[in-house]
Each structure stands twice: as C-alpha cells, then as structure tokens.
Amino acid sequence: MNRPLATTERSLARPRYEHRGIDFGCDYNPEQWDRSVWREDVALMREVGISLVAVNIFGWSELQSPDGSLDFSGLDEIIGLLHDAGIRVNLGTGTASPPPWLTTRHPEILPVVSDGTTRFPGGRQAWCPSSPVFRQYALALVDAVAERYGEHPAVALWHVSNELGCHNALCYCDRSAAAFREWLRARYGSIAALNRAWGTSFWSQRYTDWEEIGTPRLTLSTRNPGQVLDFSRFSSDELLSYYRAEQAVIRRHSSAPITTNFMVTAHIRELDYWTWAPEVDVIANDHYLDHRLEHPAAELAFAADLTRGLSHGAPWMLMEHSTGSVNWQPHNLAKAPGQMLRDSLQHVARGADSLCFFQWRASVQGSEKFHSALIPHAGTDSALWREALELGDVLERLGEVAGTRVVADVALLFSWEAWWAADAENRPSEAVSYLDQVWAIHRALRAAGAEVDVVRPGADLSGYRLIVVPGLHLVRDQEAATVDAAVAAGAHTLITFYSGIVDENDRVRPGGYPAVWRDLLGIRVEEFAPVLPGDVVSLESGGRASLWTERMVAHDADVVDRFVGGPAAGMPALTRRRGTAGDGDAWYLGTFPDEAALARILDDVLTAAGANRLADAHADVDVVRRAGTDRTYRFIINNGTDDLVHRARGTDLVTGEGVSGSIRIPAGAVRVIREDMTS
Ligand code: GLA
C-alpha cells in the first residue's frame, strides 16, 4: 500500500467518459434542502440545460448511522428524479468527510500538522491519508454505494471522494511516519542509500535505523530538504494509493468511468498530478479565479493548458468553477457581467468538453453560504440566473466543438517535483518563486498568440518547434536529455534561470550552473546574485528586470543582452547559442524581465523558432484554436476594455452570425468562429 508508485503504471481496460456535446454540469447537495425543493430543482436544471449532476459528494453522515446501517432513500430518490429528467449522474462515493460519530469513535484517524498538533473535526477532510481505520470505514461505504448504484443507468461517472488532499495532503502523525518509513524502504532499500540521498552527513543527521526517521515536523532551524522533498512525494503517492483503493472497490460493481477532481490551481501544490493522471478515466479539474494574484485571468489560462497537458491533449472536464464569488479568499469578488461566459469559454477553448459549477443552489447555512451558485440566494429573478440560461444556450450551440483539440507547437515543461524543490526553505531568494516564473513565461506566450502545451519533463517533445523551460530547478539527467535531443532534431529552446540545478535527490550538480544544460546553452553560471525586491536592474537593450541576476560566462553563445547595473553588471543576461547543422537555437535567460522586456524576448524567440502565432492576441485578448479532422474553431476572448475587430471567415457560434472577412468583438465579449476552410 505504501510503495512508491511507478510513474508509468497504468490500469488496463480503461472505460472512457463520453461527453455529450459540451456537458453543462454542477454539484448538487440535495441533503441541504427539504425534499420539496428537489423537484423544482430538477425542473430548473432542465430549463437551464444541465446535463450532468454530481451528488453524494459529502453524503456520508446522511447515508450511514453509527451502527453502520445505511439509508439510501434520499439518494435513490434524487438519482431517480435526475434520471427521469434525462440528466446524467456523476456519483460521489461520499467519503470526502467522515461523520462525527466516526471521528469520535476513532480519534486516531484525525490528521496532525507539522507542529505535531491535531486538527479536529467540525470542518471537512479531517482524516489522515495513511489511516487504516479511515480506509476500512470509507471503503466499506464505497462498496455499499457502488453495489447499489453500480449498474444504475443514470450513473455516467464516478467521483471518488472530493479534491483529495485539499486540506489533509500532509499528515505528520505517527501512523503517517510509519507509512513514510515503508515508502522510504521501498525507494532506497538500505539506510545507507537513504543517507546518501538526503545528504545526512550535514548537521549530524546520519540515520542508523529506519525507526529513527519521522515525518519532517517543524524543527528549530530549517529541515533536511531531501527529507521534505521525499515527504512530498510520499504524501502524493499515499493519497493516490487511497484513490486506487476506492477505484478498485467501485470496479467490482461498475464498469462506468471513474475520476476525481484535481486542483490545478495557484494555491495547492501537494499532489504530483503527472503521476495521478494515468490513473483516472477522464481528467477533471476544479478551478477558481484567484484574486490574490496579480493576473487571475492569465492563471486561469495556464491552469487550463496544464489540465489539457495532464489529459495528453484529449478533452477534459472542468468539474467545478463558480458563477460569481467564492467564499474562501480574503476579498471575494463578484464576476463582472459577461465574465462567467468568458471564463467558461476560456476553459472550453483550452480543451474542456465539460463545464461544471460548484454548486447548483447557494447554501443558506454552513461555511459556504456566501459562495455563489447557479441559483443565487436572490433566486431565479436575478442576473446570475439569466447568465446561466445564456450559458446553457451557448454551450448547446458549441456542441459541435466537442472532441476537437488544441494543436500547439510550443511546449512548456512543468513539474510539481521541481516546484517542491524550487520553493524550499533556504533558497537564494524568497522573492523568486517557481510559479511566478512559469506564469510570467506562459502569460507572455499567451499574449504573443502562441499555442502552448504544458508537458511533464521527459515527455515526447517531437513535433514542437519551441521548448520552453522556466525555472525547472529539479530535473533528472534523462529528462534534461530530452530537451537536448529535441534541439538536436531542430526544435529551439528557451531555458530560464534556476533551471537544471539539482538532480532528483536535490543534489546540486557542481562545475557551474546549469550543469545539465551548460553545453547545450554554451554558458556557465558561476554565482547567483539575486537583488532585493523593488530594485530594478537595467539591461543594455533598454529593458528592465528585477529579483534575479547571475554571474555568467557565455563561452559558446552570443550575448543578446547584458546587465548594465546591479551585482552582475556587464555580464550576460540573455544568450543565444545558434544551432548549426540542423540544430535549433538554445536561448538562456538569466533574469526576471518586466512584462515589456519579456514580450520582446519571446517575440524574438518565437520568430526564430518559426512557431505559429494567432493574430490579435495580447495580454487582454485570448485567441485559441481547436481543430478536428475537418473543421477548426477559433475562440476570441476579449477580457479587455476596448472593442476589437478580428479578421475571420465562417460562423460565430455564440451569436449565430456569419462572419465574412472581419468580426467586431465588443469589450468583455467572447466569440467562437467555426472557420470557413475554403477561404
Ligand atoms: C472546492 C470543493 C467544493 C467547494 C468549492 C468552493 O472546489 O470541492 O466542495 O468547497 O471548493 O469553492
């Protein structure tokens, strides 16, 4: 149960989730409502065009009594009502949160945080991923639910638990420590190998027995980074093993596809979804705009591209997003009129064939009573409901888009492991974060109209014209070699600072950074020289940069730009090793340029690589294309404040109007053109 999971492992005989056009779906929590409301709800779902409904996500305490007896009458009724209305069911296993009777009876299942204190029931997800007791009770419930509904014709999809690891990914209890030790034994085989991997000769940390090893609870100083990194890997694997356990139970009773909702978002980083993706029958993601960020819309676009990457380009599901505000940010902003449609179609543009919301009807009690929903507290006489009706109409008209794919010729390498390693304690600058680098590069590519696939290190890179590697701190030798091979085959690459520094054991490769790509880039970095937040570093080109400089020698590359001031004054900031004999160019960026300077750099890099660019894209306008064998659809999403005139020929599926030459896209509007292939 606790062995490290081989990343290539994959269950056989995978059932497929069949999207029906673009599914319009929602979470429904009927247990929060009197049964008299249920019929009205189902009638309204039909009116708005809902075709897929997730139920029983938090159903456990409704279904099961302390004596173990089960009452399915409510679930029977609601599934029956939905089925009679022709609405498919995305059936939760109900295990997301244990009922109070269980945590009272077995307090040992409660999670423990890094300072060693317990977290108590009264919220949600109060369970330790390594608890055998929790697993035993949860799997018994899953067995009963799957047995009862496994062959129900309404069940189109199984929804395991909910956002696994949203709150409880890292548990530091003694049971978790024992499971961690088992995982480490399987990974390293011997204590000596573990000592080598974690570099325990440092600070007198050498272990002599497995029993000496615990979870990386808080220390007086900082913790062993190897231990922390492995604990992240272990924790991701542990929850994945839990997912697999639920999956195996469901499979005994049902042949319907199974998934769980991922959290490819800004604030959750605990699960390595590259290892999870092969285990689910369809990739499903939850995404909420995060107004704590400087560029929430750009983050949405990145998350959608990454979700498509997890799906290997195949259509995926947006399992949750919101009609308006959420309730869990410090300032929960409403969406502007039209924004719900725009944000929704941003996901569809980037490959989603299902668009689902949390939730159907706004709760009137509980922690989420001020979270938006399809039916707000104001009821159906509301702008939100009218926007939901409009969205339902548009999604129906977009049905023909389903099954088409984004075709990208730029690949961006992204890794959760690299994120864990890059943002560790004791790094060169706390002001530099992995995601900030990734987002900045993706934002610039998006604004340049490039079509970008986000792929894992080591993925097949053939077919891409440009490979972008932002801040990929941890990379294995063989993963790094795929970039070299792609460049040798003619692709271009852009690698940015702090990439390729450590191996999978977080061990620095000595001899000058980035050792693993020094030859490819023709440079050698001798020393990092970050600058204080707020300080500006000028570049010879006139551009401005911040946060990071480094002392570098370009021994086999052209110096395209140099630092004028700062700790690396006079040294290269941007280099280019020109390809010869069919190789592509290898660019290296050793700083964090501002938006304008980065746009210029990417303009040059994309042009040199010959990458495709969609016209009219810029920071506030997304232009994305989905293609099928005989048709293409162009999404133009105008997030800006100015109207836009875009050249196109075909039919706009949003308004139904023909487009012969150009189309006006008002500020805040979105258009989806079925392109005329004959023009
Ligand atoms: C998550 C959960 C939902 C709900 C929403 C609120 O995505 O899965 O149950 O709490 O957040 O935004």
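**Q** I'd like a description of the overall build of the protein chain, backed by residues and values.
**A** A count of helices and strands for the protein chain gives 17 helices and 27 strands. Over its C-alpha atoms the protein chain spans a radius of gyration of 26 Å, differing by no more than 12% from the 26 Å that the globule rule assigns to 679 residues. Across its three principal axes, the protein chain shows a C-alpha extent of roughly 75 × 75 × 45 Å. A separation threshold of at least 6 residues defines the contact pool for the protein chain, and within that pool the share at least 24 residues apart is 72%. Carbon and sulfur atoms make up 49% of the accessible area of the protein chain, which totals about 26,000 Å².

**Q** For the state of the cysteines, give the residues involved together with the corresponding values.
**A** Taken as a whole and judged by the stated rule, the model has zero disulfides. A disulfide-free cysteine, Cys-166 has its sulfur positioned 15 Å from the sulfur of Cys-171, the nearest such atom. Its sulfur unpaired, Cys-171 is 3.6 Å from the next cysteine sulfur, which belongs to Cys-173. When its relative accessible area of 2% is taken as the criterion, Cys-171 is described as buried.

**Q** Describe the nonpolar core, with residues and values.
**A** Counting 172 residues, the largest nonpolar core has Trp-360, Phe-414 and Trp-517 as its most contacted members. For this core, the element with the highest residue contribution is helix 5 (residues 132-149), accounting for ten residues. Excluding anything up to four places from it in sequence, Trp-360 contacts Cys-26, Asp-27, Tyr-28, Asp-41, Leu-44, Met-45, Val-48, Ile-50, Ala-373, Leu-374, Ile-375 and Trp-385. Ranked by size, the runner-up nonpolar core spans 20 residues in total, among them Cys-128, Cys-171, Ile-213 and Phe-231.

**Q** Outline the pattern of salt bridges, listing residues and values.
**A** Within this structure, the stated rule accounts for 43 salt bridges. A salt bridge links Asp-630 to Arg-631; the nearest nitrogen and oxygen atoms lie 3.4 Å apart. According to the relative accessible area criterion, Arg-631 is partly exposed, its value standing at 25%. Each of Arg-187, Asp-230, Arg-233, Glu-417, Arg-476, Glu-479 and Glu-504 takes part in a single network of salt bridges with overlapping partners.

**Q** Let's hear about the environment of Trp-38: which residues, and what values?
**A** Position of Trp-38 relative to the elements: it lies in helix 1 (residues 35-48). Sequence-wise, Trp-38 and Leu-81 are 43 residues apart; in three dimensions their C-alpha atoms are separated by 8.2 Å. Every residue in contact with Trp-38, bar those within four places of it in the chain, is listed here: Tyr-28, Pro-30, Trp-33, Gly-74, Glu-77, Ile-78 and Leu-81. Among the polar contacts listed, one links the side chain of Trp-38 to the backbone oxygen of Trp-33, at a separation of 3.4 Å.

**Q** Please give an account of the sheet that holds strand 3 (residues 88-92) that cites residues and values.
**A** Read from one edge to the other, the open sheet built from nine strands follows the order 5-4-3-2-1-9-8-7-6, with strand pairing classed as parallel. At either end of the open sheet lies a strand with only one pairing partner, and these are strand 5 (258-259) and strand 6 (261-262). As judged from the two bridges shared by strand 4 (residues 155-159) and strand 5, these two strands associate in the parallel manner. Bridge assignment links His-159 to a residue of strand 5, and that residue is Thr-259. Along the sheet, helix 5 contacts strand 3 and strand 4; its crossing angle with strand 4, the most-contacted strand, is approximately 175°.

**Q** Describe the sheet that holds strand 13 (residues 466-469), and please don't skip the residues or the numbers.
**A** The seven strands lie next to each other as 12-11-13-14-21-20-19, forming an open sheet whose pairing is mixed. Where the open sheet ends on each side, the last strands, each with one partner, are strand 12 (452-455) and strand 19 (558-562). Across the sheet, the axes of successive neighbouring strands diverge by a mean angle of 20°, strand direction being ignored. Taken together, the four bridges between strand 19 and strand 20 (residues 572-577) define a ladder with antiparallel strand orientation. Bridge pairing in strand 20 links Asp-561 to Leu-574. Its contacts with the sheet put helix 14 (residues 434-447) on strand 11 (410-413), strand 12, strand 13 and strand 14 (492-496), and the angle it makes with strand 11 is roughly 170°. The sheet strands contacting helix 17 (residues 595-609) are strand 11, strand 13, strand 14, strand 20 and strand 21 (586-589), and the helix crosses strand 21 at an angle near 170°.

**Q** Explain the side chain of Asn-224 to me, and be specific about the residues and the numbers.
**A** Here Asn-224 is to be found in the loop between helix 7 (191-198) and helix 8 (225-251). Polar side-chain contacts of Asn-224 include one of 3.0 Å to the backbone oxygen of Trp-198.

**Q** Summarise helix 17; cite the residues concerned and give the values.
**A** Its 15 residues give helix 17 an end-to-end C-alpha distance of 21 Å, which sits within 8% of 21 Å, the value for a rise of 1.5 Å per residue. By the burial criterion, the buried members of helix 17 are Ala-597, Leu-598, Ile-601, Leu-602, Val-605, Leu-606 and Ala-609. Along the axis of helix 17, the buried residues cluster in a sector spanning 160°; they form a single face. Among the residues trailing helix 17, Gly-610 stands out with phi positive, at a value near 70°.

**Q** Run through the domain arrangement of the protein chain, naming residues and quoting values.
**A** When the domains of the protein chain are assigned, the result is domain 1 (290-403), domain 2 (410-609) and domain 3 (621-675). A C-alpha centroid distance of 34 Å is found between domain 2 and domain 3.

**Q** Lay out the site of the ligand with the relevant residues and their values.
**A** Around the ligand, the neighbouring residues are Phe-58, Arg-124, Asn-162, Glu-163, Asp-286, Tyr-288, Glu-320, Trp-328, Phe-358, Glu-368 and His-371. Within the side chain of Arg-124, a nitrogen or oxygen atom sits 2.9 Å from an oxygen atom of the ligand. Relative to its unbound accessible area of 300 Å², the ligand is 97% covered by the protein chains. For the shell around the ligand, the per-class residue count stands at four nonpolar, two polar and five charged.

**Q** So, the pairing of strand 25 (residues 644-652): which residues are in play, and what are the values?
**A** Across eight bridges, the pairing between strand 25 and strand 26 (residues 658-665) is antiparallel. Residue pairing in the sheet places His-646 in a bridge with Ile-663 of strand 26. Taking the residues that link successive antiparallel strands as the turn, the strand 25-strand 26 hairpin has five residues, and the phi of Gly-656 there is positive, at about 80°. Bridging between strand 25 and strand 27 (residues 670-675) involves three bridges; their strand directions are antiparallel. Paired with Asp-652 across the two strands is Ile-673, which belongs to strand 27.

**Q** Any details on the side chain of His-371? Residues and values, ideally.
**A** With respect to the element layout, His-371 can be found in the loop between strand 9 (352-357) and helix 12 (383-397). A residue is classified by how much of its surface remains accessible, and His-371, at 4% relative accessible area, is buried.

**Q** Help me get a handle on unusual backbone geometry, residues and values and all.
**A** Across the junction of Phe-358 and Gln-359, the peptide omega takes the value -5°, indicating a cis bond. Take Gln-359: it is sitting in the loop between strand 9 and helix 12. Cis geometry marks the peptide bond from Tyr-513 to Pro-514; its omega dihedral reads -20°. Summarising the element assignment, Pro-514 is placed in the loop between strand 14 and helix 16 (518-521). Located in the positive-phi region is Glu-163, a residue other than glycine, with phi close to 40°. By secondary structure assignment, the location of Glu-163 is in the loop between strand 4 and helix 6 (174-188). The phi angle at Asp-506 is positive, at roughly 65°, despite the residue not being glycine.

**Q** A description of the packing of aromatic side chains should follow, citing residues and the corresponding values.
**A** Evaluation of the coordinates by the stated rule reveals 34 aromatic pairs. Ring geometry for Tyr-243 and Trp-276: centres 6.2 Å apart, planes at 45°, overall tilted. One end of the pair, Tyr-243, is in helix 8; the other, Trp-276, is in helix 9 (residues 273-276), with 33 residues separating them in the sequence. There is no split in this pair, since Tyr-243 and Trp-276 are both buried. Measuring from ring centre to ring centre gives 5.0 Å for Phe-414 and Trp-416, while their planes differ by 90°; the resulting arrangement is edge-to-face.

Criteria and thresholds
Residues numbered from 1 in each chain as written. Predicted model: local features only at pLDDT ≥ 70, side-chain atom pairs only at ≥ 80, totals over all residues. Heavy atoms only, no water. Helix = DSSP H or I, 4+ residues; strand = E, 2+ residues; numbered from the N terminus. Rg over C-alpha atoms; globule rule 2.2 N^0.38 Å. Contact = heavy atoms within 4.5 Å. Areas by Shrake-Rupley, 256 points an atom, 1.4 Å probe, with all protein chains shown as cover. Disulfide = S-S within 2.5 Å. Buried < 20%, exposed > 50% of the residue type's maximum accessible area, 1.4 Å probe, protein only. Core = buried A, V, L, I, M, F, W, Y, C linked by side-chain atoms within 4.5 Å. Salt bridge = Lys/Arg side-chain N within 4 Å of Asp/Glu carboxyl O. Polar contact = N/O pair within 3.5 Å; in protein donor to acceptor, adjacent residues only side chain to side chain. Pairing = 2+ DSSP bridges. Axes fitted to C-alpha atoms, helices over the stretch in contact; angles between N-to-C directions. Expected span 1.5 Å × (residues − 1). Arc of directions from axis to C-beta. Domains from an automatic or database assignment. Near = heavy atom within 4 Å. Nonpolar A, V, L, I, M, F, W, Y, C, P; charged D, E, K, R; others polar. Phe/Tyr/Trp six-rings, centres within 6.5 Å; stacked < 30°, edge-to-face > 60°.

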